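# Residue-level structure breakdown
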Amino acid sequence: MPDFFPTHCELTLGEIATLTQAEPRPGVPLERRIIDIAPLDVARGSDIAFLDNAKYLDALARTHAGACLLTPRFAAMAPAGLPVLVTAEPYRAFIAVARALFPSSLRPSSLFRTTGRATGAQVHPSARIEAGVTIDPLAVIGPGAEIGGGTLIAAGAVLGPNVAIGRDCAIGAGVTVQHSLIGDRVIIHPGARIGQDGFGFLPSPQGHQKIPQHRRVIIQDDVEIGANTTIDRGSTRDTVIGEGTKIDNLVQIAHNVSIGRHCLIAGQTGISGSAQVGDFVMMGGQVGLADHVTIGSGAMLGAQSGVMSEVPARERYIGSPAEPVRDFMKGVATLRRLARGQKKADPNGDTQ
Amino acid sequence: MPDFFPTHCELTLGEIATLTQAEPRPGVPLERRIIDIAPLDVARGSDIAFLDNAKYLDALARTHAGACLLTPRFAAMAPAGLPVLVTAEPYRAFIAVARALFPSSLRPSSLFRTTGRATGAQVHPSARIEAGVTIDPLAVIGPGAEIGGGTLIAAGAVLGPNVAIGRDCAIGAGVTVQHSLIGDRVIIHPGARIGQDGFGFLPSPQGHQKIPQHRRVIIQDDVEIGANTTIDRGSTRDTVIGEGTKIDNLVQIAHNVSIGRHCLIAGQTGISGSAQVGDFVMMGGQVGLADHVTIGSGAMLGAQSGVMSEVPARERYIGSPAEPVRDFMKGVATLRRLARGQKKADPNGDTQ
Amino acid sequence: MPDFFPTHCELTLGEIATLTQAEPRPGVPLERRIIDIAPLDVARGSDIAFLDNAKYLDALARTHAGACLLTPRFAAMAPAGLPVLVTAEPYRAFIAVARALFPSSLRPSSLFRTTGRATGAQVHPSARIEAGVTIDPLAVIGPGAEIGGGTLIAAGAVLGPNVAIGRDCAIGAGVTVQHSLIGDRVIIHPGARIGQDGFGFLPSPQGHQKIPQHRRVIIQDDVEIGANTTIDRGSTRDTVIGEGTKIDNLVQIAHNVSIGRHCLIAGQTGISGSAQVGDFVMMGGQVGLADHVTIGSGAMLGAQSGVMSEVPARERYIGSPAEPVRDFMKGVATLRRLARGQKKADPNGDTQ
């Protein structure tokens, strides 16, 4: 098996106990070395696993893991020979271990193991590149572009004129960035398209007139943007992605949209022009927002929701058109009951 | 702030009155210079704004805009000190000003400010390139390809063998075009994929046999295609996009599809194989069309519609399965009423 | 018209009869040459057509096709002058002819008609490239990558460190592959993104912590992947695409997903993290699967389905939330009947 993360680390169970503040059950071999995380069913002796759901108790009984992170309740059910670390939050501890074992997985690296500026990258002489920037082969960096130290520009990425990228960013292979200002520690995965024209036309029977899209995209610090996602620049306002917001693959964010801080937006969601999204909003996959809608902070939108009007802060909505989750569930249940009972209630009904 | 459109123009209010045929209210300083458009709430003294919706009257009262385009009715409500230009269509006038101020925003420019053919572009010796074509670094132009004068091929774009591109087009960064004929003044945004194989297989228990996809994509004049949109070439008929049609980001157009003239197709819509779409059809975001369906000219399909059969000309459909908007609204209202009334109507119901 | 498939073949009607085991009607000119397939309505004298649906009998009466493949029933209705080949499966025979006429359409070719390794490709010295590999201009092949004989790496494709690609594959223009092992005869269309980080974060009020995504993508033999589709690598398990599975454009496949053999997945479908899909599953366009759901082998999911829990083997589901097709149809019919009858049943209703 190719070693895609060759520089990963090892931790002893003692070090893991310290890192996660988990309590080792008596007899745990604190010097045992752990080199990977794994689910209970496939874990080997050098892996650590976790359990926080009774559904997987069978797997706990049969696991070959080198150790397991468990809540106190499940610790009591673990096989005698299994080294157990007890913690109130096993999943959080499990992820802390993974982050310590694979630090190089937390930010994409050069796909060419480039150091410095690769042969064959096209960097305009007027671009300003800080020390410590990595530029892969066949990247294109336009006039007046600025790139902060520690940032990676991967193979085939294209930065247009005057684009500014902060420090310690990773701009993935084949990404396009234009008309944009990007903060620090931003990760953009391959094929994302940032800053092209929004979709704005004045319809008319003689054909549709293009509306100027002359504003920018602003991406704040610690944002992550998925593969092949598209974010259009603004026409009347800048398109803004707030600090710490994470966006999945194939998401469409239209012109003039403002997204707050620390949102989580799952794959294939589409956010129409001038929508306003608050902080800590969560959206499932394939959600659609109509233009100009407002989503209050802390709201949660279920997968495939179609949001046509305001969603208040901290509410949970789902459905198309979207409504509060409890109303949606009641509607689904009502329709199913009526459909089941239909023959009795309406013997002359015309349904198939 | 980086100046992404450095060559933009200025207009005096007098010039704007002439351009838009708006009537200056008495006392308007006709020599005042306007350099940008802006919404009422953020406009500054060098910006022009507009209002055509009573919802924003508060912003009108407080605006710092250098001038405002208003209908006669709203003009009467404007603050005394605000320079007002009166017109029946304020938004249309506002866009006309924007187009005059930012002419360079109406078609994408080189991301490298290239003139002519950049170093590092790979142009096959048998390609025929007219005078006045701009080719960015790391573009790839295949054997026998033809490109008309005034066209831009942006960084990293790839044109396959014998592809023909008309005049004054902009082919964005990282775009792929193969097996296609493209008209004049076509704009294709970054990452769009034009002319690859359609998704055609003959299913069988031994595995699915690939169906040849040996026809073309034809894109007529004045079409615009969004970032990361995909248009597959035909198998039994060419895939055709009619003159003046505008397509947003992340749209999927399958093989053998025919789309008429001057359609507007919003983001993440998917059009299945052999569908036939008339002229001036409008589709909201995330619409899906089943294969072989027909959409009549002038029809409008609401966001997230799932169209499983014919939609007549000029009808408005929505829902999944799609139905006339009035029926959909009635269905939503009926279900909500039944769900609300459910306890009273059915005390023994089994819903949660 | 540019000849996008210049090397295609010709077949006589006699050869077609042999190839398809169809029975020529008496008087068929067995020496007639056929050079293309076409639908009945546009077919010319050098084209072969087919009919297996009474809906197109009018076109049969008027066709100018050089020959037509028909079932025995329709053969009796064909015009006297039309050369008819009779077969129980006209469409299957029609595709067999197309495959024989256009063998070069069955796998993508170089967009630069490259032989061997093009100038301007960047191949890391530690990459291992078998004989007979074609590498287009501006492809980037990272350290330790392995590529099997007969494989095409198209222009601008990027392969990361240690990626392994089998034999006779076609990796399209602008594709990115990292952290992945790919089998033989795999076709990946332009702009697909394989092996980037999955979307995994530990939410917290202080911001969301990135979860390591340190596993791989495994793509088995004979898989086909559409343009701009994204497949993320695993975090706790490898993401696996089973042998012979065909995936359309703009599909999202999340981390840890396992997809079985010979599935067909239509455009813009999204499969959330850790979902398990059996063999021979068919999904329409824009389907969404929630995370961790299981889809049994042979199941069919209708377009725009939203699957929130298990779908048993061989069942047909549709709707959002998805349910068996018969229940969905009953629900649609019930709601439409209630909405139509609403005035009579509830004269005091509050609907619009």
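Cut-offs and rules
- Residues numbered from 1 in each chain as written.
- Chains lettered and ligands numbered in written order.
- Predicted model: local features only at pLDDT ≥ 70, side-chain atom pairs only at ≥ 80, totals over all residues.
- Buried ≥ 20, exposed ≤ 12 C-beta atoms within 10 Å, placed from the backbone.
- Helix = DSSP H or I, 4+ residues; strand = E, 2+ residues; numbered from the N terminus.
- Pairing = 2+ DSSP bridges.
- Right-handed = clockwise from strand over helix to strand, strands pointing away.
- Least-squares fit on C-alpha atoms with pLDDT ≥ 70 in both.
- Contact = placed C-beta atoms within 7 Å.
- Nonpolar A, V, L, I, M, F, W, Y, C, P; charged D, E, K, R; others polar.
- Axes fitted to C-alpha atoms, helices over the stretch in contact; angles between N-to-C directions.
- Parallel < 35°, antiparallel > 145°, perpendicular 65-115°, else oblique.
- Core = buried A, V, L, I, M, F, W, Y, C linked by C-beta atoms within 7 Å.

### Let's talk about the pairing of strand β6 (residues 67–70) of chain A
Residue and element names in this part refer to chain A. The two faces of β6 match: Ala67 and Leu69 on one face and Cys68 and Leu70 on the other face are all buried. Summarising the sheet, strand β5 (residues 47–51) and β6 pair through 4 bridges and their orientation is parallel. Paired with Phe50 across the two strands is Leu69, which belongs to β6. At this point the chain moves from β5, through helix α2 (residues 57–62), to the parallel β6, and the crossover so formed is right-handed. Here 3 bridges tie β6 to strand β7 (residues 84–86), and the two strands are oriented parallel to one another. Bridge assignment links Leu70 to a residue of β7, and that residue is Val86.

### Here's the deal with the relation of the copies chain A and chain B
Superposing chain A onto chain B takes a rotation of 120° plus a shift of 0.0 Å along the axis, which leaves an RMSD of 0.0 Å. In symmetry terms, the pair is related by a three-fold rotation axis. Little of the interface of chain A is mirrored in chain B, where only 14% of its interface residues again form contacts.

### Observations concerning the interface of chain A and chain B
Contacts between the two partners involve 56 residues from chain A and, on the opposite side, 56 residues from chain B. Those elements that provide at least two residues to the side of chain A that touches chain B are β21 (201–202), β22 (209–210) and α5 (325–340) of chain A. Looking at the side of chain A that touches chain B, the element that brings in the most residues is α5 of chain A, giving 8 residues. Class assignment of the residues belonging to the side of chain A that touches chain B gives a composition of 19 nonpolar, 29 polar and 8 charged.

### Quick look at the interface of chain C and chain A
Contacts between the two partners involve 57 residues from chain C, matched on the other side by 56 residues from chain A. At the level of elements, β21 (201–202), β22 (209–210) and α5 (325–340) of chain C are the ones that each hand at least two residues to the side of chain C that touches chain A. Looking at which element gives the most residues to the side of chain C that touches chain A, the answer is α5 of chain C, with 8 residues. Along the lines of polarity and charge, the residues of the side of chain C that touches chain A split into 19 nonpolar, 30 polar and 8 charged.

### Some words on the packing of α5 of chain A against α5 of chain C
Remark: α5 of chain A packs on α5 of chain C, axes separated minimally by 9 Å, with the N-to-C direction vectors making an angle of 95°. Looking at the two axes, α5 of chain A sits roughly perpendicular to α5 of chain C. Facing Leu335, Arg336, Leu338 and Ala339 of chain A of α5 of chain A, the residues of α5 of chain C in contact are Asp327, Lys330, Gly331, Thr334 and Leu335 of chain C. Split by residue class, the contact of α5 of chain A with α5 of chain C holds 4 nonpolar, 2 polar and 3 charged.

### Side note on the relation of the copies chain C and chain A
Superposing chain C onto chain A requires a rotation of 120° together with a translation of 0.0 Å along the rotation axis, leaving an RMSD of 0.0 Å. Comparing contact sets, just 14% of the residues at the interface of chain C also lie at the interface in chain A, consistent with a heterologous contact between different surfaces.

### So, the sheet that holds strand β31 (residues 270–271) of chain C
Across the sheet, 10 strands lie side by side as β8-β11-β14-β17-β20-β25-β28-β31-β34-β37 (chain C); this open sheet has parallel pairing. Edge strands, defined here as strands with exactly one partner in the open sheet, are β8 (122–123) and β37 (306–307) of chain C.

### Regarding the nonpolar core
Within the largest apolar cluster, 234 residues are counted, with the highest numbers of intra-cluster contacts made by Ala139 and Ile171 of chain A, Ala139 and Ile171 of chain B together with Ala139 and Ile171 of chain C. In this structure Ile171 of chain C touches Leu152, Ile153, Ala154, Ala157, Ile165, Val177 and Ile188 of chain C, once residues within four positions along its chain are discounted.

### Thoughts on unusual backbone geometry
For the peptide bond that leads from Ser320 of chain B to Pro321 of chain B, omega is 5°, which places it in the cis range. Position of Pro321 of chain B relative to the elements: it lies in the loop between β38 (316–318) and β39 (323–324). If you check the backbone angles, Arg185 of chain A has positive phi at about 55° while not being a glycine. Following the sequence through the fold, Arg185 of chain A ends up in the loop between β18 (180–182) and β19 (187–188). Overall, Arg185 of chain A belongs to the partly exposed group, with 19 C-beta atoms counted inside 10 Å. Although it is not a glycine, Gln286 of chain B sits at a positive phi angle of roughly 60°.

### Notes on the pairing of strand β5 (residues 47–51) of chain C
Residues and elements named next belong to chain C. Taken across its 5 residues, β5 has 5 buried, putting it largely inside the fold. Neither face of β5 is open: one carries Asp47, Ala49 and Leu51, the other Ile48 and Phe50, and all of them are buried. Direction of pairing for strand β4 (residues 36–37) relative to β5: parallel, over a ladder of 2 bridges. Residue pairing in the sheet places Asp36 in a bridge with Asp47 of β5.

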